[in-house]
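The lines below spell out each chain.
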Amino acid sequence: MGSFKEFALSETMINALKKQGYVSPSPVQTRVIPKALRGTSLVCQSATGSGKTHAFLIPIISRLDLNLHRLQAIIIAPSRELARQIYDFTLPFRDFFPSLKVRLFTSEVGKEQNQEGLSISPHIVIGTPGRLSAMLSEDYELDLHGVKTLVLDEADMLMELGYFDEVDSLFDKLPEKIQTMVFSATLEEGLKAKLAKYISASFLYEGEEDKTASSVSHHLVDIKHAGIEDALIRFLKARGTYLAMIFSSTKEGVKKAYEALKAAGLNSVVFYGDLDERERRKAIRAIKSNAYQFIVCSDLLSRGIDIADVTDVISLDLPSDNAYYYHRAGRTGRFDRHGDSWVFYNRDSLKKPTELLGEGVPFDYYELKGETLVKDELGLINKRRFTNKKKWDNEDEAREIKIAKARTRSDKVKPGYKRKTERAIERVKGKYRRKAIKENIRKAKNEAYAKKAKKK
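Let me begin by describing the structure that accompanies this report. (Residues numbered from 1 in each chain as written. Predicted model: local features only at pLDDT ≥ 70, side-chain atom pairs only at ≥ 80, totals over all residues. Heavy atoms only, no water.)

1. Description of helix α12 (residues 277–288)
- Taking 1.5 Å per residue, twelve residues should reach 16 Å; α12 reaches 17 Å between its end C-alpha atoms and fits that length.
- Among all positions in α12, only Glu277, Arg280, Ala283, Ile284, Ala286 and Ile287 are buried.
- On its buried face, α12 is in contact with α4 (80–90), β10 (268–271) and β11 (294–297).
- With a side-chain oxygen lying 3.2 Å from the backbone nitrogen of Arg278, the N-terminal cap of α12 falls on Asp276.
- One or two positions beyond α12, positive phi appears at Asn290, with a value near 55 degrees. (Helix = DSSP H or I, 4+ residues; strand = E, 2+ residues; numbered from the N terminus. Expected span 1.5 Å × (residues − 1). Buried < 20%, exposed > 50% of the residue type's maximum accessible area, 1.4 Å probe, protein only. Contact = heavy atoms within 4.5 Å. Polar contact = N/O pair within 3.5 Å; in protein donor to acceptor, adjacent residues only side chain to side chain.)

2. So, helix α1 (residues 11–19)
- Among the residues making up α1, those that are buried are Met13, Ile14, Ala16 and Leu17. Down the axis of α1, the buried side of the element spans an arc of 160 degrees, and every buried residue falls inside it. Projecting away from the buried face of α1 at angles above 90 degrees are the exposed residues Glu11, Lys18 and Lys19.
- Gly21 lies just past α1 and shows a positive phi near 90 degrees. (Arc of directions from axis to C-beta.)

3. A look at the environment of Asn67
- Inspection of the secondary structure assignment puts Asn67 in the loop between α3 (52–63) and β2 (73–76).
- The class of Asn67 is exposed, set by a relative accessible area of 74%.

4. Points about the pairing of β11
- Burial along β11 is two-sided: Phe294 and Val296 and Ile295 and Cys297, pointing in opposite directions, are all buried.
- Crossover handedness for the path β10 to α12 to β11: right-handed. (Right-handed = clockwise from strand over helix to strand, strands pointing away.)

So, in structure tokens, the structure goes:
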């Protein structure tokens, strides 16, 4: 659909969206909103940055009976930051729906503060599993009989963090016939089995084939054997980035990178699990207001958080779970804007990049030389096998050869592995030999035709 006006939405909702700058729905919104408006339960797998939050908020608000002061929708998110972000997305709608009442239940504040003002029931509650379970299931502060919609956002993360016990305890208190909408960046078999209790979905949107938006370019950067922090400073000077998120898989790595940026006088902020509640809130506010050019963080910020205008994502290392690489890369390239994802590696850390190549990530290759980024035509190929005089006449052939080598590389020596690699390379070379022969034949024919034309 080309416009929100083509949905069965009220004029008030159309105006509310227009005021926020939303005129045309994203692909996931086009697929989800019509189903959700009819009360259909659904499972939606979509790339990060696809607009899924509004895909469930728009139909939820549209279906509310605002004259009825009863809880009608529950939205569960796996972290305080994600829950807060969803809550913030609801605030502009209150300018157009003055009686809309939304509450946020997380451990950002004490439980007593969460309980304040519940004499008038909110229409929507948003929160983390533990606090929602305590507020709505254990203490049973609110009447749940009017709930008609349950949303599980970032469901794969809910499963990874072990939150489904709390979700279960809450779900068991809800009416039998309820619309359940599940949103997730990935849909592994284990998650599908978990969801069987909550949903028998008649609609499964598998999303795009790419695990990150097609507007993201992926790059591997060979930092040789330089220290990570030194390489990072030199890379940032070479790149001249506008707004970057810098990821490390360990708390120690996050702290070291942050300290290095501070020592270099670079405008940076840090976010990771060891921050206390006050520090986390302060960091998120600063990040959302674009107060810092460089955000150094753990994978806590790799999921769902919408940070405007991130141009570059830098992975100082790769996470043990490849899925988190896609989440990291998805912090840029949002809403069809171009973004770049950079991964540092050296000859001792080839395993994870090779796995991602095998999964189809379209990496290109760079070397960090001094404070300069140089295109690397050989990439993961062992460069010691080539002399300095080695030249590649065909960049496409060079790229396909290095991919073939990467895909046949093994951490363990297996029988016939060398022969397997040789065959893969020979297939690529044979392909380009055939292309060269055809090109020579074409040129010869053209020359012959030209000679005949001159004789005439």
